Amino acid sequence: MLKLHGYWRSSAAYRVRIALNLKNLPYEQVTHNLRTGEQHSAAYKALNPQGLVPALEHDGEVITQSVAILEWLEERFPEPALLPVTPEARAAVRAMCGLIAADIHPLNNLRVLKALKTDLMADEAAIKRWTKGWIGEGFAALDQLIAHHGHGYCFGKTPTLADCLLIPQMFSAQRFEVDLKPYPNIRAVGEHCADHPGFNRAHPRHQPDADTVDA
């Protein structure tokens with residue numbers, strides 16, 4: 001069975017949970033409390049030297065980095081497909097994924113927020129401005145891409161890898177009190193996905209470690 005190492009509130013692990021659910025793949029969860037540093041244990045770093053979640057174990061192999069995991073799932077378990085058929089359409093979906101994974105998420109993840117606080121002495125107000133600014137800039141561009149390509153989901157009428165990334169980033173945006181009103185197409189995708197059981201089961205509130213103290 002697939003074994004997913006994650007944390008209930010990790011956006012990157014959330015992405016993988018969605019994809020696993022959409023592909024109807026059973027998996028075991030192993031949780032690592034990021035707030036207490038469990039991801040830095042020697043045992044976990046033997047699996048993932050970077051000491052980050054998620055990591056996915058399968059038949060003795062370990063795959064790290066959420067986007068690489070999503071691409072591997074698509075290749076290893078191609079049905080139902082989470083990438084469209086044509087090279088151009090696939091490139092459009094991957095561009096949306098890259099926008100979120102490379103240009104939005106890294107600037108509001110736990111490591112960066114801790115560094116802002118401890119290394120740059122940023123207060124909570126400054127950190128919130130930083131977070132809202134980068135999420136807002138990325139969402140403004142993404143909303144236009146969805147307006148062009150989306151028909152219920154980020155691209156077309158069925159879920160793709162782009163939706164696997166967007167929904168967790170929306171969860172983070174709401175945590176940081178980002179106003180989503182300026183992004184009607186993003187909000188429409190979020191509302192559409194909320195009714196899908198695969199997305200719903202992956203939500204942080206439904207994870208086995210969701211009672212972890214949110215320090």
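See the structure above.
Here's what I pulled together on the structure shown here. (Residues numbered from 1 in each chain as written. Predicted model: local features only at pLDDT ≥ 70, side-chain atom pairs only at ≥ 80, totals over all residues. Heavy atoms only, no water.)

### Regarding helix H6 (residues 124–149)
Step number 1: Taking 1.5 Å of rise per residue, the 26 residues of H6 would be expected to cover 38 Å, and the 37 Å separating its terminal C-alpha atoms lies within 8% of that figure.
Step number 2: Every buried residue of H6 is listed here: Ile 127, Thr 131, Ile 135, Gly 136, Gly 138, Phe 139, Leu 142, Asp 143 and Ile 146.
Step number 3: The inward-facing, buried residues of H6 abut helix H4 (87–104), helix H5 (110–118), helix H7 (161–175) and helix H8 (184–194). (Helix = DSSP H or I, 4+ residues; strand = E, 2+ residues; numbered from the N terminus. Expected span 1.5 Å × (residues − 1). Buried < 20%, exposed > 50% of the residue type's maximum accessible area, 1.4 Å probe, protein only. Contact = heavy atoms within 4.5 Å.)

### A short note on the pairing of strand S2 (residues 27–31)
Step number 1: Bridge count between strand S1 (residues 2–6) and S2: five bridges; the pairing is parallel. When the bridges of S2 are listed, Leu 4 appears paired with Gln 29. (Pairing = 2+ DSSP bridges.)

### So, the pattern of salt bridges
Step number 1: Tallied over the full model, the rule gives four salt bridges.
Step number 2: With a shortest N-O distance of 3.8 Å, Glu 124 and Lys 117 are connected by a salt bridge.
Step number 3: A relative accessible area of 46% places Lys 117 in the partly exposed class. (Salt bridge = Lys/Arg side-chain N within 4 Å of Asp/Glu carboxyl O.)

### Here we look at the packing of aromatic side chains
Step number 1: Under the defined criterion, the tally for this structure stands at five aromatic pairs.
Step number 2: Between Trp 72 and Phe 77, the aromatic rings sit 5.8 Å apart at their centres with planes inclined by 85°, giving edge-to-face as the arrangement.
Step number 3: For Phe 77, a relative accessible area of 17% gives the class buried.
Step number 4: The aromatic ring of Phe 77 is capped on one face by Arg 76, whose charged end is 4.9 Å from the ring centroid.
Step number 5: The ring of Phe 176 has Arg 175 lying over it, and the distance from NZ or CZ to the ring centre is 4.9 Å. (Phe/Tyr/Trp six-rings, centres within 6.5 Å; stacked < 30°, edge-to-face > 60°. Lys NZ or Arg CZ within 6 Å of the ring centre and 35° of its normal.)

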